[in-house]
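Single-letter residue listing:
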Amino acid sequence: MNDNGALTKRIVKESARLQQEPVPGISATVDEHNPRYFKVVIDGPSESPYEGGKFKVELFLPEEYPMAPPKVRFMTKLYHPNIDKLGRICLDILKEKWSPALQIRTVLLSIQALLSAPNPDDFLDADVAEKWKADEKGAKAIARDWTLKYAHEI
């Protein structure tokens, strides 16, 4: 980390904890050039259509963090009602339910949980949500195909 002057002690502490006590199924690496930027890989949860996949996620801590939530998006293409084609994530704690008491670790766990339990009623991708509601089995099959196709390279 080049410039700790602009970084809060909290970011330094959270980053160190993520390295020392990694979240199971999630690897989060601080970018060597920008300590506010994390390269994250989330393993697809077992017993989900994403099982076996490796999903690249980028997480950025804005200047206002922790008063403002991290900016997070999927870099790996996936078929999910709460994640759009640009990788943006519909998750309440990244928006109106954000609290400074939450940490990077909590955000990553919540995203991992979202992979296990898609919520087509609070969708970001209307087409995927519609398919999920009309034919959940078919939607999961598409999600599985996309996982096999896109979520294997790191």
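Residues numbered from 1 in each chain as written. Predicted model: local features only at pLDDT ≥ 70, side-chain atom pairs only at ≥ 80, totals over all residues. Heavy atoms only, no water.

Going by an unreviewed UniProt entry, the chain carries the name UBC core domain-containing protein and comes from Rotaria sordida. Looking at the Sequence similarities (unreviewed entry) heading of the UniProt record, one finds this comment for the chain: "Belongs to the ubiquitin-conjugating enzyme family." (UniProt positions renumbered as here; feature names shortened; annotations may be inferred.)

K.L.:
Just give me the short version of the sheet that holds strand β1 (residues 26-30), but keep the residues and values in it.
P.N.:
Strand order in this open sheet of four strands is β1-β2-β3-β4, and the pairing throughout is antiparallel. Two strands lie at the open edges of the sheet, namely β1 and β4 (71-74), each paired on one side alone. Neighbour-to-neighbour, the strand axes of the sheet open up by a mean angle of 20°, direction not taken into account. Note: strand β2 (residues 37-43) against strand β3 (residues 54-60), seven bridges, orientation antiparallel. Bridge pairing in β3 links F38 to L59. (Pairing = 2+ DSSP bridges. Helix = DSSP H or I, 4+ residues; strand = E, 2+ residues; numbered from the N terminus. Axes fitted to C-alpha atoms, helices over the stretch in contact; angles between N-to-C directions.)

K.L.:
Can you tell me about empty space enclosed by the protein, naming the residues and giving the values?
P.N.:
The final tally for this structure, using the stated rule, is one cavity of 30 Å³ or more. One number sums up the size of the largest cavity: a volume of about 40 Å³. Lining the largest cavity, in full, are E14, R17, L18, Q103, I104 and R105. Ranked by residue count, the leading element in the lining of the largest cavity is helix α1 (residues 9-20), at three residues. Each residue belonging to the lining of the largest cavity can be placed in one class, and the counts come to two nonpolar, one polar and three charged. (1 Å grid on protein atoms, 1.4 Å probe; cavity = no way out; pocket = protein on both sides within 12 Å on 5 of 7 lines; lining within 4 Å. Points joined across faces, edges and corners; volume = space filled by probe spheres on them. Nonpolar A, V, L, I, M, F, W, Y, C, P; charged D, E, K, R; others polar.)

K.L.:
Provide a residue-level description of the pattern of salt bridges, including the pertinent values.
P.N.:
Scanning all chains against the criterion turns up eleven salt bridges. Note that D31 and K39 form a salt bridge whose closest N and O atoms lie 3.5 Å from each other. Look at D31 and you get buried, because its relative accessible area is 13%. Residue classification places K39 among the partly exposed residues on the basis of a relative accessible area of 48%. The residue R88 makes a salt bridge to D84 at a minimum N-O spacing of 2.6 Å. Classification of R88 as partly exposed rests on a relative accessible area of 47%. Classification of D84 as buried rests on a relative accessible area of 10%. (Salt bridge = Lys/Arg side-chain N within 4 Å of Asp/Glu carboxyl O. Buried < 20%, exposed > 50% of the residue type's maximum accessible area, 1.4 Å probe, protein only.)

K.L.:
Talk me through α1; I want residue IDs and the actual numbers.
P.N.:
With twelve residues, α1 should cover 16 Å at 1.5 Å per step; its first-to-last C-alpha distance of 16 Å lies within 8% of that length. Structurally, α1 contributes buried residues whose contacts are with β1, β2 and α2 (104-116). (Expected span 1.5 Å × (residues − 1). Contact = heavy atoms within 4.5 Å.)

K.L.:
Quick rundown of the pairing of β3? Include the residues and the values.
P.N.:
As defined by bridge partners, β3 adjoins β4 across four bridges and the pair is classed as antiparallel. Looking at the pairing, E58 lines up with R73 of β4.

K.L.:
Go over the nonpolar core with me, naming the residues and quoting the values.
P.N.:
The biggest cluster of nonpolar side chains holds 38 residues, and the ones touching the most others in it are V40, L59, F74 and I89. Here this core takes six residues from α2, the largest share from any one element. Setting aside its immediate chain neighbours within four residues, I89 contacts V72, R73, F74, N82, I83, L94, K95, I111, L114 and L124. (Core = buried A, V, L, I, M, F, W, Y, C linked by side-chain atoms within 4.5 Å.)

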